[in-house]
Structures are given as C-alpha cells and as structure tokens.
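Commentary on secondary and tertiary structure
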Amino acid sequence: MLVLFDIDGTLVHAGGAGRAALESAMIEVYGTTGPIDELPFDGLTDPQIAYTLLSAAGFDEGSIEKGLDLLWVSYLNCLRSELIIRQADMKSYPGVLSLLDALDEIGATLGLVTGNISGGAHGKLEACGLGGRFLFGAFGSDAVDRNDLPPIAIERAFTETGVHFAPEETWIVGDTPQDIACAKASGLRVLAVATGRFSVAALKEADADWVVPSLDHTADVMTILTSSSRAE
Ligand SMILES: [Mg+2]
C-alpha cells in the first residue's frame, strides 16, 4: 500500500509561516503581494498561488516567470526565519505521529503529494517534528497543477521501492477538495480529513471516498486505509 499525504491542514499546522514567508518574498522580488489577504491558499500549489496573486496585480506570465527562481530562493530564506519565530504555533495534528507509526509497522510506503515547493515541504515537516518520515514525494516545485502530482509521486515510489503501486492500492490523504480532485484524476483512493478549512460535509460533497473529522483515532483510520472496498 502506498499512502501519499498532503502537508498543510492534513499533517501539520505551520502557524501561518508559509503565508508570511511568501508575503515577504513577493515584496522583495516583485514589489507587491497582489490581493494576498483575499486568497485562501488551501489546496493550491505554491506556483499557483504566485501566478494567481501576481496576475491579479497586473503582471503578465513572462514577467512572473522571470522572477520565480528568485522568489523561491527568497521564500525559503524567509520561511526558515518564520518557522523559528513561530515555533510555538507549529504542530502536527493529533494522531498523526501514531498513524505514521502504525503505517510503518504494517510496511506501508509513505510519501507526499503537496502544493508546497520541495524545500518548503521539508522545512515545515521538520519544524513540526515530522522530519525524515517521508522518503519521497511530489511537490509544487514539480508541477503547477496539483492533478499532475500523483503520477510523479507514484513514479518516485517505484524508484524508491521497486514496487509499481496500482491505483487501488494507492491513497491520497488530504484536507481540501483539490486533494480529492487530484486523487480522482489519477483513479486513486482518497481519505479526506476535516482538520483544515473544509468541514466533513464539504469534503463529502467533494466526493471523497472516506471522510474523517481528524486523524486522531488511529485504529479507525487504519481500518479505512486497509479496507479493500471503496466506501458506499
Ligand atoms: Mg492541505
């Protein structure tokens, strides 16, 4: 079994560090954040967020593209400080550590499918006590569109383990309708968790195979993940 986790809202609450870091980096590189206060980041990839905000601020695609390398360097620098400043607010959600232990115990392969660029993903996980728990993943730095990420993660799982995981033995675990959509786009199974901005009802509405309020009840979550049939 391959289980691919989203990060923000699913595994960890990074205390707004990512948003604050992107805000500083955008000011430094483009001189504006665009309408950042009006844009919920949930479910979006980092490049999607940058394109959305900068297009709204009047930048064309070429000029956005030109600054992106510098933007991500600056973002990672700012993120490093933000993660230290906000250390008290950083946490993994209840049950996450115990779920990862239980999955390790049954020999499940664990990876990431996240909109975070790779450096940001690892920084946030480390700051929340989850450093080293995931050997591979697909990131916002691999593709702008989240739907393109699961096939990349599955390919990397093969490189890492030598196993070709079939769609029916591969799970996406995430907290937004976009996580559900990216799983569906690749025919994968999806467990949605309502620890982010979306309620159980909203995630059910978005057609998740399974929805749980949190990952806190390890045995129940393990029963779902190891079940062979899809939910009714
Ligand atoms: Mg998320």
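Note that this is a predicted model, so its numbers are computed, not measured. (Residues numbered from 1 in each chain as written. Predicted model: local features only at pLDDT ≥ 70, side-chain atom pairs only at ≥ 80, totals over all residues.)

1. Notes on helix 5 (residues 118-127)
Burial analysis of helix 5 places 7 of its 10 residues in the buried class, which makes it a mostly covered element. Within the sequence span of helix 5, burial applies to G120, A121, H122, G123, K124, L125 and A127. Where the residues of helix 5 are buried, they touch strand 2 (12-13), helix 1 (17-30), helix 2 (46-56), helix 3 (61-85), strand 4 (109-113) and strand 5 (137-138). Directly beyond the C-terminal end of helix 5, a positive phi value near 80 degrees is found at G129. (Buried ≥ 20, exposed ≤ 12 C-beta atoms within 10 Å, placed from the backbone. Helix = DSSP H or I, 4+ residues; strand = E, 2+ residues; numbered from the N terminus. Contact = placed C-beta atoms within 7 Å.)

2. A word on helix 1
With 14 residues, helix 1 ought to run about 20 Å at 1.5 Å a step, and its terminal C-alpha atoms sit 20 Å apart, in line with that. Of the positions making up helix 1, those classed as buried are A17, G18, A21, L22, A25, M26, V29 and Y30. In an axial view of helix 1, the angular spread of the buried residues amounts to 150 degrees, which keeps them on one side of the axis. Within two residues after helix 1, G31 carries a phi angle of roughly 75 degrees, on the positive side. (Expected span 1.5 Å × (residues − 1). Arc of directions from axis to C-beta.)

3. So, the domain arrangement of the protein chain
Here the protein chain is described as being made up of domain 1 (2-13 + 91-225) and domain 2 (17-87). Computed over C-alpha atoms only, the centres of domain 1 and domain 2 are separated by 23 Å. The interface is formed by 19 residues belonging to domain 1 together with 16 residues belonging to domain 2. Secondary structure elements with two or more residues in the side of domain 1 that touches domain 2: helix 5 and helix 7 (177-185). The element that contributes the greatest number of residues to the side of domain 1 that touches domain 2 is helix 5, accounting for 5 residues. The residue makeup of the side of domain 1 that touches domain 2, split by class, is 4 nonpolar, 10 polar and 5 charged. (Domains from an automatic or database assignment. Nonpolar A, V, L, I, M, F, W, Y, C, P; charged D, E, K, R; others polar.)

4. Here's the deal with the environment of R146
Along the polypeptide, R146 turns up in the loop between strand 5 and helix 6 (149-161). Residues R146 and C182, spaced 36 residues apart in sequence, show a C-alpha to C-alpha distance of 6.2 Å. For R146, the residues in contact, after removing those within four places along its chain, are T45, G115, Q178 and C182.

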